[in-house]
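Spelled out from the first residue to the last, the chains are:
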Amino acid sequence: MPNSNIPVITIDGPTASGKGTVAHKVADRLGFHLLDSGALYRLTALSALRRGTALNDEHALAKVAEHLTIRFHGGHVYLGTEEVSHAIRAEEVGNTASRIAALPAVRQALFALQLGFRETPGLVADGRDMGTVIFPTAQLKVFLTASVEARAQRRYKQLIDKGFSANIDDLLEDLQSRDARDTQRAVAPLMPAEDAHLLDTSQMTADEAVEQVLAWYAGK
Ligand code: DC
């Protein structure tokens, strides 16, 4: 089947909008593959931090992205042979990921890798530019939003549940600066595709959001 006929559902949105959870559950319900594109930027960031790569050296960072040895298996993420699912969720890694994601050469280095996830029977792709840049031919595009307060609460709970320490005021500030960086960058900024369905999840549970996405997909 030509690659562009393989169904893709893109779920884009700002950090802590609930995309990850919703994408996961939608993929499970449909038996589709899942692409957590943020994890690719986080893996690049983690790898760069560990190697001591200068965070303003675009060329060197693109090389790091190009040479990532990664594997997703059973909900776990591996860098080489090391399980790094926990390590890539640290705030420092997320902030670094957001910084290096603004560099065109880094985005270019991760482009083909992301296209490779489009496999039968289908894919749910979670990120910032899935509907606009990576999979513009997706059968369904969803853009999730939520108020910054609701997102800070969610991120707080996520971090505490994972055993990290967290402070709600710091998180609010962090989310706002990350939003600003992700939406104002020149390349592939965070924005809904023209044909995206908008879903505000501030007052919604993840399961309600999942039902809405599945209903939209069933109506396609
Ligand atoms: O979704 P996340 O928080 O795991 O993503 C981490 C960072 O990676 C985010 O701040 C911006 C960047 N990112 C991106 O630029 N494009 C994507 N498709 C996914 C993530």
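All chains use their own residue numbering, which begins from 1 and follows the written sequence. Thresholds applied to this predicted model are a pLDDT of at least 70 for local features of residues and 80 or more for the giving and counting of side-chain atom pairs; totals over whole chains, interfaces and linings are not thresholded and use all residues. Side-chain measures here rest on the full set of heavy atoms in the structure, leaving out hydrogens and waters.

> I would appreciate a short explanation of the site of the ligand in the present structure.
By convention in these notes, a residue is near a molecule or strand provided one of its non-hydrogen atoms lies within 4 Å of it. What surrounds the ligand is a group of 18 residues, the closest being R42, R107, R128, D129 and R185. Note that an oxygen atom of the ligand is positioned 2.8 Å from one of the side-chain N or O atoms of R107. Accessibility throughout is a Shrake-Rupley quantity obtained with a 1.4 Å probe, and a residue counts as covered only by protein chains that appear here. Protein coverage of the free-state accessible area of the ligand, which is 450 Å², stands at 97%. Runs of H or I in DSSP of at least four residues are treated as helices and runs of E of at least two as strands, each being numbered from the N terminus. Of all the secondary structure elements, the ones that give two or more residues to the shell around the ligand are α2 (37-51), α4 (91-100) and α8 (168-184). With 4 residues, the top contributor of residues to the shell around the ligand is α2. Any pair of N or O atoms that falls within 3.5 Å is considered a polar contact. Within protein, one atom must be able to donate a hydrogen and the other to accept it, and sequence-neighbouring residues count only if both atoms are side-chain atoms.

> What's the story with the pattern of salt bridges in this structure? I'm lost.
Salt bridge, as applied in this entry: a Lys or Arg side-chain nitrogen positioned within 4 Å of an Asp or Glu carboxyl oxygen. Under the counting rule described, the total for this entry stands at 14 salt bridges. Of the charged contacts in the structure, one is a salt bridge between D129 and R107, with a shortest N-O distance of 2.9 Å. Highlighted residues: D129 in the loop between β6 (123-127) and α6 (130-134) and R107 in helix α5 (residues 104-115), separated in sequence by 22 residues. By relative accessible area, D129 is classed as buried at 2%. On the basis of relative accessibility, which here comes to 8%, the residue R107 falls in the buried class. A salt bridge links R185 to D182, with the shortest nitrogen-to-oxygen separation between them at 3.9 Å. Across this residue pair, the class does not change: R185 and D182 are buried. Because the salt bridges share partners, they merge into one network encompassing E91, R155 and R178. When a residue's accessible area, from a 1.4 Å probe over protein chains only, is under 20% of the maximum for its type it is buried; when over 50% it is exposed; and in between it is partly exposed.

> What should I look at first to understand the nonpolar core in this one?
Nonpolar side chains in soluble globular proteins tend to be buried together. If you look at the biggest cluster of nonpolar residues, it comprises 35 residues, and the most contacted ones within it are L35, L43 and F135. Where this core is concerned, the elements lending two or more residues are α2, α3 (58-66), β4 (76-79), α4, α5, β6 and α6. Setting aside residues up to four positions removed in sequence, L43 forms contacts with L68, I70, F72, V77, L79, V84 and I88. Residues A27, L144, V213 and Y217 belong to the second largest nonpolar core, which totals 18 residues. The definition of a nonpolar core used throughout is a set of buried Ala, Val, Leu, Ile, Met, Phe, Trp, Tyr and Cys residues joined through side-chain atoms within 4.5 Å. Between two residues, a contact is recorded if the distance between any of their heavy atoms is within 4.5 Å.

> Could you clarify how one ought to interpret the sheet that holds strand β2 (residues 33-36) in this entry?
Across a sheet, strands are paired by hydrogen bonds formed along the backbone, either parallel or antiparallel in direction. Strand order across the open sheet formed by 5 strands is β2-β6-β1-β7-β8, with parallel pairing between neighbours. Edge positions in the sheet fall to β2 and β8 (197-200), since each of these pairs with one other strand and no more. Strand-to-strand twist of the sheet, defined as the mean angle between neighbouring strand axes without regard to direction, takes the value 20°. The angle between two axes is taken between their N-to-C directions and runs from 0 to 180 degrees, where each axis is a line fitted to C-alpha atoms and a helix contributes only its stretch in contact. Against the sheet, α2 contacts β2 and β6, and its axis sits at roughly 45° relative to β2. Strands qualify as paired when DSSP identifies two bridges or more between them.

> Is there a simple way to think about the side chain of D182 in this case?
Along the polypeptide, D182 turns up in helix α8. In contact with D182, other than residues within four places in its own chain, are S98, R128, P189 and L190.

> Even after reading the chapter, I still don't get the sheet that holds β4, so can you show me in this structure?
The 3 strands are arranged β3-β4-β5 in an open sheet whose pairing can be described as antiparallel. Both edges of this open sheet fall to β3 (70-73) and β5 (82-83), since each of them pairs with a single strand only. Where β4 meets β5, 2 bridges bridge the pair, whose relative direction is antiparallel. The partner of Y78 across the bridge, within β5, is E83.

> How should helix α7 (residues 148-161) be read in this particular structure?
An α-helical segment advances 3.6 residues per turn. Residues three or four places apart therefore align on the same side. Multiplying 1.5 Å by the helix residue count minus one yields the expected span of that helix. When the terminal C-alpha atoms of α7 are compared, their 20 Å separation across 14 residues agrees well with the 20 Å that a helix rising 1.5 Å per residue should span. By the burial criterion, the buried members of α7 are V148, A150, R151, A152, R155 and L159. Those residues of α7 that are buried are in contact with α2, α4 and α8. Positive backbone phi, approximately 85°, marks G163, located one or two places after α7.

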